[in-house]
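Residue-level structural notes
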Amino acid sequence: MLLSVEPDGPVPIYQQIRDRIVEAIAGGGQPAGSGLPSTRQLAVDLGVNFHTVNKGYDLLRQEGLLRIGRKSGAVVQRDAGSGPPRPDWVRDWTARLQTLLAEAAAQGLPAEDIVRHCREAIAAFTFPVDGESGPGPVGPP
Amino acid sequence: MTTASLSGEVIVSFYAVASCLAPAITRPTVPFGVRVPPERASAPVIRQQRRAYYGRTAIIGACCIALVILLQDRGSWWLSRIILLAEIVADLGCFLIARNRIAAVKQAERWYAGHRQVVATDTSWRTDPPRFPVRWLIPALTVIAVTVLVGTLRYPHLPARVTAGGHLVPKSVVSVFGIVAAQLYVTAMWTGIMLIVYRSRPDIEAADAAGSTRRYRRFLAACTRAVLTLLALVDLTLLLPAELAGLPARRDRFGPAGTAVRGRPARPGRGLFPRGPRRIPATRRRPRRLWSGGGGRPGRRPLLEGRPDLRQP
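Concerning the overall build of chain A
Of the regular secondary structure elements, chain A holds five helices and four strands. For chain A, the sequential pattern of α-helices and β-strands runs β-α-β-α-α-β-β-α-α. Counting the 141 residues in chain A, one finds 23% classified as buried. Considering only contacts in chain A between residues 6 or more positions apart, those separated by 24 or more positions represent 62%.

Right under this line is the structure:
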């Protein structure tokens, strides 16, 4: 997975790391069970602080996407084929989505354009085949 | 022409060519160590400084090579080293001039205004690192094993005194198998360096992360194979002089350095290969010193051949 961040961008670096990994999981680049570099290695490779990467990984762990073990390191815990998410996660995500769509509407983007952009964005993601069920929702303990 | 002066000419010439061609093999977006945007890679100032650098280093290299050739018989062996040092300093100065002028224009024209800085990395480099080509170590290890085997087989038949480091020393495991230690040292050191390079941060260009990652993987694999092949050749270079010159063969040599004994037939069965009528010099010929009276000249051999053999049989 090619991970790129903008050190001088408006979005915090830990958030960028988290976003890039989520996009890689959705795009099939990081399937469930695949490993990620240790926080120290990734911090060295990106030239950022170790705590910054740790914060990004911690966000993913809280969302149930990443499992961090002492021996196994950081491993992707679920992907598009792992089954439906938890109901409370869907509720939170809907709220964030509403805000995101509201930004577009507030800027005057027509509804058709908003839908078109959404279609283009999800075209790059992989989705489970109908009838296929994964291990089910996994959340933090 | 002595070995020392010849090596001086080779080193000075090699460095002249290498420093002159250095900008041609660096990345276009990092001319003279200054990072520039891809659309500025062929800016007028860069083209101009590149041409100026080629011209300056070519003149410096030509002057240094001419100096080494002209002074090869007039100075001491260290004169070529001084010329080489002067060449390095002058080429470094040319590099810094070009670098500073490009950096000044880049700063003045704000080449990166409106660009976003992006840092990219390939996580698979850590989770699924490229495999070190261990099989390419086999030639080097084979040469070392052959060296040990030849040394072991010949050890009982070696004379009481053998050459090590250019001197005659009593025969021992340390003096005879010193070559193996040198081979192991060179092989281990370069293998370790290449392993560190394999584990180090990959050189990825954020503007073309996927392409540069692919290119870097290919480059690293090819470079490692080349280094490991070179290691085998270096190990062979350490083995062959010992075998060709022949540790026991030096036993029947005396006289000035670099000469053979007249009228004495070459003994068959010495060394790894049979020697012809032209024998290989037992020791490196000394470079002629101005104050030595030409003791190393072959023309003075008749005067020196009557010297007794000071070495123990």
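Alright, that's what it looks like, and here's the rest.
Quick look at the overall build of chain B
A count of helical and extended segments in chain B gives nine helices and three strands. When the helices and strands of chain B are read in sequence order from the N terminus, they spell out α-α-α-β-α-α-β-β-α-α-α-α. Buried positions account for 19% of the 313 residues belonging to chain B. Relative to all contacts within chain B whose residues are 6 or more apart in sequence, the contacts with residues 24 or more apart total 76%.

Thoughts on the packing of helix α1 (residues 13-27) of chain A against helix α3 (residues 50-62) of chain A
All names here are of chain A. The geometry of α1 relative to α3 is characterised by a closest axis approach of 8 Å and an angle of 45° between their N-to-C directions. Judged on the interaxial angle alone, α3 and α1 are oblique. Of the two possible hands of crossing, α1 and α3 adopt the one that is right-handed. Between α1, through Ile13, Tyr14, Ile17, Arg18 and Ile21, and α3, the contact on the second element is made entirely by Thr52, Val53, Lys55, Gly56, Leu59 and Leu60. Residues of the contact of α1 with α3, tallied by class, amount to seven nonpolar, two polar and two charged.

Comments concerning the interface of chain A and chain B
Across the boundary between the two partners, chain A contributes 18 residues, which contact 16 residues of chain B. Only β1 (2-5), β2 (35-36) and α2 (39-46) of chain A provide two or more residues apiece to the side of chain A that touches chain B. If one sorts the elements of the side of chain A that touches chain B by residue count, α2(A) sits on top with five residues.

Topic: the sheet that holds strand β4 (residues 73-76) of chain A
All names here are of chain A. Read from one edge of the open sheet, three strands run β2-β4-β3, paired in antiparallel fashion. Each of the sheet's edge strands pairs with one partner strand only, and the pair in question is β2 and β3 (66-69). Here β3 runs beside β4; their pairing, made up of four bridges, is antiparallel. Looking at the pairing, Arg67 lines up with Val75 of β4.

Digging into the nonpolar core
All names here are of chain A. Counting residues in hydrophobic clusters, the biggest one holds 20 residues, and the most contacted among them are Ile17, Ile21 and Leu66. Put simply, the parts of the chain that give this core at least two residues each are β1, α1, α2, α3 and β4. Leaving out residues up to four positions away in the same chain, Ile17 has contacts with Leu3, Val5, Val53 and Gly56.

Points about the environment of A:Ala80
Residue and element names in this part refer to chain A. With respect to the helices and strands, the residue Ala80 is situated in the loop between β4 and α4 (87-106). Among the residues examined, Ala80 registers 16 C-beta atoms within 10 Å and is labelled partly exposed. With 49 residues separating them in the primary sequence, Ala80 and Pro31 have C-alpha atoms 8.3 Å apart.

Things to note about the confidence of the model for chain A
Detail in the predicted coordinates should be disregarded across regions flagged by low pLDDT. Looking at chain A as a whole, the pLDDT averages 87, with 90% of positions reaching at least 70. The model gives residues 133-141 of chain A a pLDDT under 50, and that stretch makes 21 contacts with residues more than four places away or in other chains.

Things to note about unusual backbone geometry
All names here are of chain B. The phi dihedral of Phe32 falls on the positive side, at around 55°, and the residue is not glycine. Topologically, Phe32 is positioned in the loop between α1 (3-21) and α2 (44-70). Of note in the backbone geometry, Arg110 takes a positive phi value of approximately 50° without being a glycine. Tracing the backbone through its elements, the reader meets Arg110 in the loop between α3 (78-109) and β1 (119-122). Take Arg110: there are 9 C-beta atoms within 10 Å of it, and that puts it in the exposed class.

Quick word on the confidence of the model for chain B
Residues and elements named next belong to chain B. A residue-level look at chain B finds 73% of positions with pLDDT of 70 or above and a mean pLDDT of 78. Note that pLDDT drops below 50 for residues 266-282; the model gives that stretch 22 contacts with residues more than four away or on any other chain. Within the model, pLDDT remains below 50 along residues 287-313, and this stretch shows 33 contacts once partners closer than five positions in the same chain are excluded. Reported confidence for the predicted complex is 0.80 by ipTM and 0.64 by pTM.

Description of the packing of α2(B) against α3(B)
Residue and element names in this part refer to chain B. Interhelical geometry of α2 versus α3 gives an angle of 170° and a closest axis separation of 10 Å. Considered as vectors, α2 and α3 are oriented roughly antiparallel to each other. Across from Val45, Ile46, Gln49, Ala52, Tyr53, Arg56, Thr57, Ile60, Gly61, Cys64, Leu67 and Val68 in α2, the residues of α3 making contact are Ser80, Ile83, Glu87, Ala90, Asp91, Cys94, Ala98, Arg101, Ile102 and Val105. Here the contact of α2 with α3 is built from residues that sort into 14 nonpolar, four polar and four charged.

Some points on the pairing of β1(A)
On a regular strand, each side chain points to the face opposite its neighbour's, so the side chains alternate between the two faces of the sheet. Of the two faces of β1(A), only one is covered, namely that formed by A:Leu3 and A:Val5; the face formed by A:Leu2 and A:Ser4 stays uncovered. The sheet contact formed by β1(A) and β1(B) spans four bridges and is antiparallel. From the neighbouring strand, A:Val5 faces β1(B), where its bridge partner is B:Val119.

Description of the environment of B:Leu21
One can find B:Leu21 in helix α1. Linking B:Leu21 and B:Tyr53, residues 32 residues apart in sequence, is a C-alpha distance of 9.7 Å.

A word on the environment of B:Pro133
Along the chain, the position of B:Pro133 falls in the loop between α4 (124-127) and α5 (138-154). On a C-alpha basis, the gap between B:Pro133 and B:Thr224 in space is 7.5 Å, while along the polypeptide they are 91 residues apart.

Quick notes on the rules
Residues numbered from 1 in each chain as written. Chains lettered and ligands numbered in written order. Predicted model: local features only at pLDDT ≥ 70, side-chain atom pairs only at ≥ 80, totals over all residues. Helix = DSSP H or I, 4+ residues; strand = E, 2+ residues; numbered from the N terminus. Buried ≥ 20, exposed ≤ 12 C-beta atoms within 10 Å, placed from the backbone. Contact = placed C-beta atoms within 7 Å. Axes fitted to C-alpha atoms, helices over the stretch in contact; angles between N-to-C directions. Parallel < 35°, antiparallel > 145°, perpendicular 65-115°, else oblique. Left-handed = near helix turned anticlockwise from the far one by under 90°. Nonpolar A, V, L, I, M, F, W, Y, C, P; charged D, E, K, R; others polar. Pairing = 2+ DSSP bridges. Core = buried A, V, L, I, M, F, W, Y, C linked by C-beta atoms within 7 Å. pLDDT = per-residue confidence, 0-100.

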